[in-house]
Amino acid sequence: MIQCEGLVKIYKTADLEVVALQGLDLQVENGEFMAIIGNSGSGKSTLLNMLGGLDKPSAGKLFVDGKDLLAFSERDLVQYKRESVGFVWQNNARNLIPYLTAIENVELPILLRGRRRRARALELLEAVGLSHRVKNKLSELSGGEQQRVAIAIALANEPRLLLADEPTGSLDTGTSNQVLDLFRTLNRAIGITIVIVTHDPELARKVDRVVQIRDGKTSAEMIRRISYSDVLTQMDADTARREAESHIEYAVLDKAGRLQIPAGYLDTGSFKDSNKVRVELEDGCIVLYPANERQTVST
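Residues numbered from 1 in each chain as written. Predicted model: local features only at pLDDT ≥ 70, side-chain atom pairs only at ≥ 80, totals over all residues. Heavy atoms only, no water.

The helix and strand tally for the protein stands at nine helices and 13 strands. Across the 299 residues of the protein, 43% fall into the buried class. Taking the contacts inside the protein whose residues are at least 6 apart along the sequence as the reference set, 63% of them involve residues at least 24 apart. Carbon and sulfur atoms make up 49% of the accessible area of the protein, which totals about 16,300 Å². (Helix = DSSP H or I, 4+ residues; strand = E, 2+ residues; numbered from the N terminus. Buried < 20%, exposed > 50% of the residue type's maximum accessible area, 1.4 Å probe, protein only. Contact = heavy atoms within 4.5 Å. Areas by Shrake-Rupley, 256 points an atom, 1.4 Å probe, with all protein chains shown as cover.)

As structure tokens, this is what we get:
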């Protein structure tokens, strides 16, 4: 579904140049439910904007659903954003029109394509559990209900890719879990590919794959080893331990042979004393030693 190779994004002003992405590589399979995490300024939202056709990279390759986004004209981008991708934002002001009812909000994107909108809007609101709220104005809906309307809008034109930028950032824990469960249900039911950008590690643990971005590059991946449905059926006193063990973490090795060591690994021992490491090949494994550690000589 998504293939990024060597993505670079440089923002320029009169006297300042900011590098948001520095050769990022990423591949997302069709039908995946995954999250992108990273600190503020790591480049995750920049990446999401590029996937959605809202921004273009300065260099690299970007394909979504087999389409080369860098070769798109403005007309192509408009059609792509209207038909191929759906957005859910953290700020509901970007998702919803406050003076319209829930069903009127969902009808708008369908109307732009000239389709029968009322039946489709009702179907979507029922899918997100709001069939009893179709005529309510936004001021009459809770934060979680508003986000459910936003998800219905994002699905209105049957996109193959759904992008969500901090979709639970303004919600409490219980409502966040409900929204995330809805994403998972939609992913399983209709096979839509879902990419969530988040800084919330609890949310990230509940998806199938987590990609961490650091300094504008993919630095690590965590892949679920047991299904989340199995985790839910095993809820008991050691739930926290099972959640922690549900993913395997991998460092990402790029095509130039570079990798970023996971945070915390270099904060202990002699690694703190130097910016150099000694690299050894031992029994088919690549081993890193502090530069000042003395080598053991076998006799």
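Back to the write-up after that little detour.
This paragraph deals with unusual backbone geometry. A negative phi angle characterises most non-glycine residues, just as the trans form characterises most peptide bonds. A positive phi angle, near 50 degrees, is found at Glu-166, a position not held by glycine. If you trace the backbone, Glu-166 turns up in the loop between strand E7 (161–165) and helix H6 (173–190). Non-glycine residue Asp-283 carries a positive phi angle of around 50 degrees. By secondary structure assignment, the location of Asp-283 is in the loop between strand E12 (277–282) and strand E13 (285–290).

As a further point, take the pairing of E7. By the criterion of burial, E7 is predominantly enclosed, with five of the five residues buried. Here E7 shows a buried face lined by Leu-161, Leu-163 and Asp-165 and a second buried face lined by Leu-162 and Ala-164. Here strand E6 (residues 85–89) pairs with E7 via five bridges, running parallel. Residue pairing in the sheet places Phe-87 in a bridge with Leu-163 of E7. Sheet topology places E7 next to strand E8 (residues 193–198); five bridges connect them, and they run parallel. Note that in E8 the partner of Asp-165 across the bridge is Val-197. (Pairing = 2+ DSSP bridges.)

This part takes up the side chain of Arg-148. The residue Arg-148 is located in helix H5 (residues 143–154) in this model. Those residues in contact with Arg-148 that sit more than four places away from it in its chain are Val-128, Gly-129, Leu-130, Gln-178 and Leu-182.

Right, let's talk about the sheet that holds strand E4 (residues 59–64) for a bit. Read across the sheet, four strands follow the order E2-E1-E4-E5 without closing on themselves; strand pairing throughout is antiparallel. Each having just a single partner strand, strand E2 (17–28) and strand E5 (67–68) make up the two edges of the open sheet. Sheet analysis places strand E1 (residues 2–12) next to E2, joined by nine bridges and oriented antiparallel. Of the residues in E2, the one forming a bridge with Ile-10 is Val-19.

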